[in-house]
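# Coordinate analysis (summary)
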There are 2 protein chains.
Amino acid sequence: MMTEKRLATFLRREGYKITPQRRAILKAVAGAHDHLTPAALYERVQQAQPHIGLVTIYRTIQILEALGLICEMHAERTSRSYLLKRASEHHHHIICSSCGTVADVTHCGLDSLQQQLAKETGFEIDGHLLEFFGYCRHCQRLKSE
Amino acid sequence: MMTEKRLATFLRREGYKITPQRRAILKAVAGAHDHLTPAALYERVQQAQPHIGLVTIYRTIQILEALGLICEMHAERTSRSYLLKRASEHHHHIICSSCGTVADVTHCGLDSLQQQLAKETGFEIDGHLLEFFGYCRHCQRLKSE
DNA sequence: ATATAAATGATAATTATTATCAATTATAAT
DNA sequence: ATTATAATTGATAATAATTATCATTTATAT
């Protein structure tokens, strides 16, 4: 698991300073099970840091993404969403179209396809985005009622 | 190939009126090889329809997407992008991170994975988004120079 | 304890998207 | 060909997300 401390260590190693604001953000990110929009993160962090600016959230997210610690998702189209990456594990998501619950896909088996495509198209492929959409158990029940 | 006429016929069948503005948009969409943002589409359509409003672009895009004639991509993060769908073909994209060129992936072989995941997670999965990122032949050359 | 560069937050600016509404127009019915 | 009707358009404004600017504060290495 990625804890607040590990994230902080990671940032420090990269030369970033650990401010109380950042600590609060890291804690919220580490503790979140679902995906987070900048606005949602803002709300949560405000409990610990009432005077934090939304800008700081955006900035920290940018850093975390650049370091590969969180990844962007496309669950909601009005705003970006982010999710904590388990250390270096390559993985994807299944997103409930109704409630937003996220389940993990730990392996995707796309490496071979990716290699084949690189040959076919001449592209140098260095990554992919894979997301499944559907309805979680709970929302399936609601639909059928 | 999807031509302007076919798209128009499709819209008409669904009860939408074919206005000169829409005709111009359909033509631009059908003629575009790469992906289009609403703003880019706006520019192109203005040659034929100088007084068209950006809003009309947005509205028409919404209709086309609802009918499944175009699909949303995530090439650029600042704005949405769309690409014409070849009729009912399930396919994905490889996007060049440098110039935005798009290559098609005509089959993905994810159906079996999707079924397996549905079992594992209890989700009712009804679709997925798959995009590859990398560098096209041209931009690879530029990078190495 | 202090110097320094990085980080913060207030504010404003930018950009994308959506809502409202009166005027216009494609279409079907005559 | 005319006309009635509902859909469409575009001007305008509103909303929402994101980024830029800059003076002030602060974490960190020394």
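Residues numbered from 1 in each chain as written. Chains lettered and ligands numbered in written order. Predicted model: local features only at pLDDT ≥ 70, side-chain atom pairs only at ≥ 80, totals over all residues. Heavy atoms only, no water.

## A few points about the protein's contact with DNA strand C
- Inspection of the region around DNA strand C gives 23 residues, with Thr19(A), Arg22(A), Thr56(A), Arg59(A) and Tyr58(B) positioned closest.
- Counting only the atoms of DNA strand C within 4 Å of the protein, the fraction contributed by sugar and phosphate is 75%.
- Here Lys17(A) contributes a side-chain N or O atom positioned 3.3 Å from a base nitrogen of DNA strand C.
- Ile18(B) places a main-chain nitrogen or oxygen 3.0 Å from a phosphate oxygen of DNA strand C.
- Only helix H2 (20-31) and helix H4 (54-66) of chain A together with helix H4 (54-66) of chain B provide two or more residues apiece to the surface near DNA strand C. (Near = heavy atom within 4 Å. Polar contact = N/O pair within 3.5 Å; in protein donor to acceptor, adjacent residues only side chain to side chain. Helix = DSSP H or I, 4+ residues; strand = E, 2+ residues; numbered from the N terminus.)

## Focus on the packing of aromatic side chains
- Across all of its chains, the model carries zero aromatic pairs over all chains by this definition.
- Above the plane of the ring of Phe10(A) lies Arg13(A), whose end atom (NZ or CZ) is 5.1 Å from the centre. (Phe/Tyr/Trp six-rings, centres within 6.5 Å; stacked < 30°, edge-to-face > 60°. Lys NZ or Arg CZ within 6 Å of the ring centre and 35° of its normal.)

## Some words on the domain arrangement of chain A
Residue and element names in this part refer to chain A.
- As far as domains go, chain A holds domain 1 (1-88) and domain 2 (90-145).
- Taking the mean C-alpha position of each, domain 1 and domain 2 sit 23 Å from one another.
- The interface of domain 1 with domain 2 comprises eleven residues on the first partner and nine residues on the second.
- A combined buried area of about 740 Å² lies between domain 1 and domain 2, and 62% of that area is made up of carbon and sulfur atoms.
- Taken together, the connections running from domain 1 to domain 2 amount to zero salt bridges.
- Scanning the region where domain 1 abuts domain 2 turns up zero residue pairs in polar contact (both at pLDDT 80 or more). (Domains from an automatic or database assignment. Contact = heavy atoms within 4.5 Å. Buried area = accessible area lost by both parts, 1.4 Å probe. Salt bridge = Lys/Arg side-chain N within 4 Å of Asp/Glu carboxyl O.)

## Details of the interface of chain B and chain A
- Of the residues lining the interface, 37 residues belong to chain B; the matching set on chain A comes to 37 residues.
- Between chain B and chain A, the buried area comes to about 3200 Å², and carbon and sulfur atoms account for 60% of it.
- When residues of the side of chain B that touches chain A are traced back to their parent elements, those giving at least two are strand S3 (92-96), strand S4 (102-105), helix H5 (111-121), strand S5 (124-135) and helix H6 (137-144) of chain B.
- At twelve residues, S5(B) tops the list of elements feeding residues into the side of chain B that touches chain A.
- A class-by-class count of the residues in the side of chain B that touches chain A yields 17 nonpolar, eleven polar and nine charged.
- Two strands pair when backbone bridges link them, and strand S5 (residues 124-135) of chain A and S5(B) are joined in this way by eleven bridges, in the antiparallel orientation. Among the inter-strand pairings, Leu129(A) is bridged to a residue of S5(B), identified as Glu131(B). (Nonpolar A, V, L, I, M, F, W, Y, C, P; charged D, E, K, R; others polar. Pairing = 2+ DSSP bridges.)

## Description of the relation of the copies chain B and chain A
- Between chain B and chain A, the superposition needs a rotation of 179° and an axial shift of 0.0 Å, giving an RMSD of 0.2 Å. Put plainly, the chains are arranged around a two-fold axis. Minimal C-alpha separation from the rotation axis in chain B is found for Leu130(B), amounting to 2.2 Å.
- Comparing interface residues between copies, 100% of those in chain B also sit at the interface in chain A, which points to an isologous, same-surface contact. (Least-squares fit on C-alpha atoms with pLDDT ≥ 70 in both.)

## A closer look at H4(A)
Residues and elements named next belong to chain A.
- The first and last C-alpha atoms of H4 sit 19 Å apart over 13 residues, in line with the 18 Å expected at 1.5 Å per residue.
- If you check which residues of H4 are buried, you get Ile57, Thr60, Ile61, Ile63 and Leu64. Burial along H4 is one-sided: seen end-on, the buried residues are contained in an arc of 160°. Every exposed residue of H4 that faces more than 90 degrees away from the buried side is listed here: Val55, Arg59, Gln62 and Ala66.
- Lining the buried residues of H4 we find helix H1 (4-13), H2, helix H3 (38-48), strand S1 (70-73) and strand S2 (81-84).
- Once H4 finishes, Gly68 follows within two positions and takes phi at roughly 75°, a positive value. (Expected span 1.5 Å × (residues − 1). Buried < 20%, exposed > 50% of the residue type's maximum accessible area, 1.4 Å probe, protein only. Arc of directions from axis to C-beta.)

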